[in-house]
Amino acid sequence: MFKTLVFLVIGFTLTDNVLRTIYENFGIIYSGNVWVNWFGVSYLLFFLYTIIRVIFINKNHNLLKKRIASIIFWLLFIGSVYAVFIPFVKGENPF
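K.L.:
Residue-level account of the layout of surface pockets, with values.
P.N.:
A volume near 270 Å³ is recorded for the largest pocket. Lining the largest pocket are 15 residues, and of these Lys 3, Thr 4, Phe 7, Phe 46 and Arg 67 lie nearest its centre. Of all the secondary structure elements, the ones that give two or more residues to the lining of the largest pocket are helix 1 (2-25), helix 2 (35-57) and helix 3 (62-69). Here the residues of the lining of the largest pocket sort into 9 nonpolar, 3 polar and 3 charged.

K.L.:
Describe the packing of aromatic side chains, and please don't skip the residues or the numbers.
P.N.:
All told, the structure shown has 17 aromatic pairs when counted by the stated rule. Each ring, one from Tyr 82 and one from Phe 95, has its centre 6.3 Å from the other, and the planes form 75°; the classification is edge-to-face. Of this pair, Tyr 82 sits in helix 4 (residues 71-90) while Phe 95 sits in the segment after helix 4, placing them 13 residues apart in sequence. Of the residues examined, Tyr 82 reaches a relative accessible area of 44% and is grouped as partly exposed. A network of ring pairs unites the aromatic residues Phe 7, Phe 39, Tyr 43, Phe 46, Phe 47, Tyr 49, Phe 73, Trp 74 and Phe 77 as a single cluster.

K.L.:
Describe a nonpolar patch on the surface, listing the residues and the values that go with them.
P.N.:
Taken together, Phe 2, Val 6, Ile 10, Leu 14, Val 18, Ile 22, Phe 26, Phe 85 and Phe 88 make up a surface patch of nonpolar side chains, about 810 Å² in accessible area. Those elements giving two or more residues to the nonpolar patch turn out to be helix 1 and helix 4. In this fold, Ile 10 is placed in helix 1. Assessed through its relative accessible area of 39%, Ile 10 is described here as partly exposed.

K.L.:
Describe helix 1, listing the residues and the values that go with them.
P.N.:
Along its 24 residues, helix 1 runs 34 Å from first to last C-alpha, staying within 8% of the 34 Å computed at 1.5 Å per residue. At Thr 15, helix 1 is bent by approximately 40°, the largest bend along its length. Burial in helix 1 covers these residues: Phe 7, Gly 11, Thr 15, Leu 19 and Tyr 23. Considering only its buried residues, helix 1 is in contact with helix 2 and helix 4. Within two residues after helix 1, Gly 27 carries a phi angle of roughly 80°, on the positive side.

K.L.:
A description of the packing of helix 2 against helix 3 should follow, citing residues and the corresponding values.
P.N.:
For any two helices packed against each other, one specifies the crossing angle of their axes together with the interaxial distance. Helix 3 packs onto helix 2 with a crossing angle of 125° between their chain directions and a minimal axis gap of 10 Å. In this view, helix 2 runs oblique relative to helix 3, as classed from their interaxial angle. Classified by chirality, the crossing of helix 3 by helix 2 is left-handed. From helix 2, Phe 46, Thr 50, Ile 51, Arg 53 and Val 54 reach across to helix 3, where they touch Leu 64, Arg 67 and Ile 68. When the residues that make up the contact of helix 2 with helix 3 are grouped by side-chain class, the tally is 5 nonpolar, 1 polar and 2 charged.

K.L.:
Help me get a handle on the side chain of Thr 50, residues and values and all.
P.N.:
With respect to the helices and strands, Thr 50 occurs in helix 2. When residues no more than four places from it in sequence are discounted, the contact partners of Thr 50 are Leu 64, Arg 67, Ile 68 and Phe 73.

Here is what the cut-offs are and how they apply
- Residues numbered from 1 in each chain as written.
- Predicted model: local features only at pLDDT ≥ 70, side-chain atom pairs only at ≥ 80, totals over all residues.
- Heavy atoms only, no water.
- 1 Å grid on protein atoms, 1.4 Å probe; cavity = no way out; pocket = protein on both sides within 12 Å on 5 of 7 lines; lining within 4 Å.
- Points joined across faces, edges and corners; volume = space filled by probe spheres on them.
- Helix = DSSP H or I, 4+ residues; strand = E, 2+ residues; numbered from the N terminus.
- Nonpolar A, V, L, I, M, F, W, Y, C, P; charged D, E, K, R; others polar.
- Phe/Tyr/Trp six-rings, centres within 6.5 Å; stacked < 30°, edge-to-face > 60°.
- Buried < 20%, exposed > 50% of the residue type's maximum accessible area, 1.4 Å probe, protein only.
- Patch = residues over 30% accessible without salt bridge, like charges linked within 9 Å, V, L, I, M, F, W, Y side chains within 5 Å.
- Areas by Shrake-Rupley, 256 points an atom, 1.4 Å probe, with all protein chains shown as cover.
- Salt bridge = Lys/Arg side-chain N within 4 Å of Asp/Glu carboxyl O.
- Expected span 1.5 Å × (residues − 1).
- Bend = angle between axes of the 7 residues up to and from the residue.
- Contact = heavy atoms within 4.5 Å.
- Axes fitted to C-alpha atoms, helices over the stretch in contact; angles between N-to-C directions.
- Parallel < 35°, antiparallel > 145°, perpendicular 65-115°, else oblique.
- Left-handed = near helix turned anticlockwise from the far one by under 90°.

What follows is the structure, given as structure tokens:
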């Protein structure tokens, strides 16, 4: 539970400070339901954390193996990539 809160806080900070600046530099208005972007950034951080732990630290950890094999894990990853990067394709934040 603590890790989830940490990823949400870091994701919010990155979304509000970094992603907002990047969107505005590309002419994308940062408004609407930006919580979708926040969730996307937070989950991308969680995804990277999991992948790094699997590859470099705990290769044989059972929980991490189950997480990597989970369809939900990968579907959420695809959704988070979509939420963060679709504004660059559409030219606006569709959420």
